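Architecture at a glance
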Amino acid sequence: MASTLRIAPGALALLSLSGCGYFDSREAHRAQIAMIGMTSNDLQACAGLPSSTKVLNDTTQIYQYTAKMNLPTASDSTIIPVQQILNMTQVTLGGAGTTCTAVIRLDHERVSEVHYAGDDDEIIGSDGICSIITRGCARQPEASMRKVSGGPFGPVSAFHSPRAPNQSTTATYNKQSGETVPNYTDKSEPVIVPRP
């Protein structure tokens, strides 16, 4: 009986976090590490066909995936205004997101970066809505995905995305941008100037 009483608060805390998006956020951020290096064929096999694609140069493409989650509504009773309490909680704590756009850079037909955009935060954590895009890859990992280990204190956070990996010059520059550099110091010159 005593051991059950010690486990109950921890189980209750985990249950409350699950309803607020904590684990969805961790899963979305884990995918930003695990998907790096996977082939475009494996990406499409587990995440589906992208909603749009853009060829940046001979070696680089952008795949864009968009997803929308419907927020559940609760019916109010005359005694307990459940929906009003939910609305006030979302306004106070934030996180009533419903849409995510995953922007995935492919370099030489392999995933080199995964970014999230949109109104994609749940009450606890960031980018939690985006887990619906990467869920197929997380539940049944493809052979070209990286294994991301670590428990609750591992390399993945629910509150911020992992650092983006360094990119090859072919993935970040084309001929025109390679001939120019940004000018941040001389206010009399344009912000983009020819490479010295």
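The coordinates are above.
Predicted, not measured: the structure shown is a model, and the values here were computed from it. Every chain is numbered on its own, with residues counted from 1 as its sequence reads. Reporting of local features is limited, given that this is a predicted model, to residues whose pLDDT is at least 70; pairs of side-chain atoms are given and counted only at 80 or more, and all residues count toward the totals for whole chains, interfaces and linings. Just so you know, side-chain values use all the structure's heavy atoms and leave hydrogens and water out.

Considering the packing of helix α3 (residues 40-47) against helix α5 (residues 131-139)
This is how the line gets drawn: Helix axes use the C-alpha atoms of the stretch in contact, all axes being lines fitted to C-alpha atoms, and the angles between their N-to-C directions lie in the range 0 to 180 degrees. Helix and strand labels come from DSSP, where a helix needs a run of H or I of at least four residues and a strand needs a run of E of at least two; each type is numbered from the N terminus. Orientation labels follow simple angle bins: below 35 degrees gives roughly parallel, above 145 gives roughly antiparallel, 65 to 115 gives roughly perpendicular, and whatever is left gives oblique. The contact criterion used is simple: two residues touch if any of their non-hydrogen atoms lie within 4.5 Å. Note on residue categories: nonpolar means Ala, Val, Leu, Ile, Met, Phe, Trp, Tyr, Cys or Pro, charged means Asp, Glu, Lys or Arg, and polar means any other residue, Gly included.
One can describe the packing of α3 onto α5 by two numbers: an axis separation of 8 Å at closest approach and a directional angle of 110 degrees. Looking at the two axes, α3 sits roughly perpendicular to α5. Listed contacts from α5 to Leu43, Cys46 and Ala47 of α3 are Ile133, Gly136 and Cys137. A class-by-class count of the residues in the contact of α3 with α5 yields five nonpolar, one polar and no charged.

Describing the state of the cysteines
Defined as follows: Count a disulfide wherever a pair of cysteine sulfur atoms falls within 2.5 Å. Under the scheme applied here, a residue whose accessible area is under 20% of the maximum for its type counts as buried, over 50% as exposed, and between as partly exposed, the area being computed with a 1.4 Å probe on protein chains only.
For the coordinates displayed, the defined rule picks out two disulfides. Between the sulfur atoms of Cys46 and its disulfide mate Cys137 the distance is 1.9 Å. Note on the Cys46 and Cys137 pair: the S-S dihedral is about 80 degrees, so by sign convention the disulfide is right-handed. Placement of the pair is Cys46 in helix α3 and Cys137 in helix α5, with a sequence separation of 91 residues. The burial state of Cys46 is the same as that of Cys137; both residues are buried.

Focus on the pairing of strand β4 (residues 110-117)
Put simply, the test is: One requirement defines pairing of two strands: DSSP has to find at least two bridges between them.
Pairing analysis gives seven bridges linking strand β3 (residues 99-107) to β4, with the strands arranged antiparallel. Along β4, the bridge assignment pairs Arg105 with Glu113. Turn length for the β3-β4 hairpin, with the two strands adjacent in sequence and antiparallel, is two residues, and the turn residue His108 shows positive phi of about 55 degrees.

Considering the pairing of strand β1 (residues 52-55)
Relative to strand β2 (residues 60-68), β1 is paired through four bridges, and the arrangement is antiparallel. If you follow Thr53 over to β2, its bridge partner there is Tyr63. Counted between consecutive antiparallel strands, the loop separating β1 from β2 contains four residues.

Focus: the packing of aromatic side chains
Which entries qualify depends on this criterion: Pairing of aromatic side chains here covers Phe, Tyr and the six-membered ring of Trp, requires ring centres within 6.5 Å, and sorts the geometry by plane angle: under 30 degrees stacked, over 60 edge-to-face, intermediate tilted.
Applying the stated criterion across every chain yields a total of two aromatic pairs. Taking the centre distance of 5.0 Å and the plane angle of 85 degrees together, the rings of Tyr22 and Phe23 count as edge-to-face. We classify Phe23 as partly exposed; its relative accessible area is 36%. Taking the centre distance of 6.2 Å and the plane angle of 55 degrees together, the rings of Tyr22 and Phe159 count as tilted. On the criterion of sequence distance, the pair formed by Tyr22 in helix α2 (residues 22-34) and Phe159 in the loop between α5 and α6 (169-172) is long-range, its members being 137 residues apart. Residue Tyr22 is classed as buried on the basis of its relative accessible area, which comes to 16%. For Phe159, a relative accessible area of 53% translates into the label exposed.

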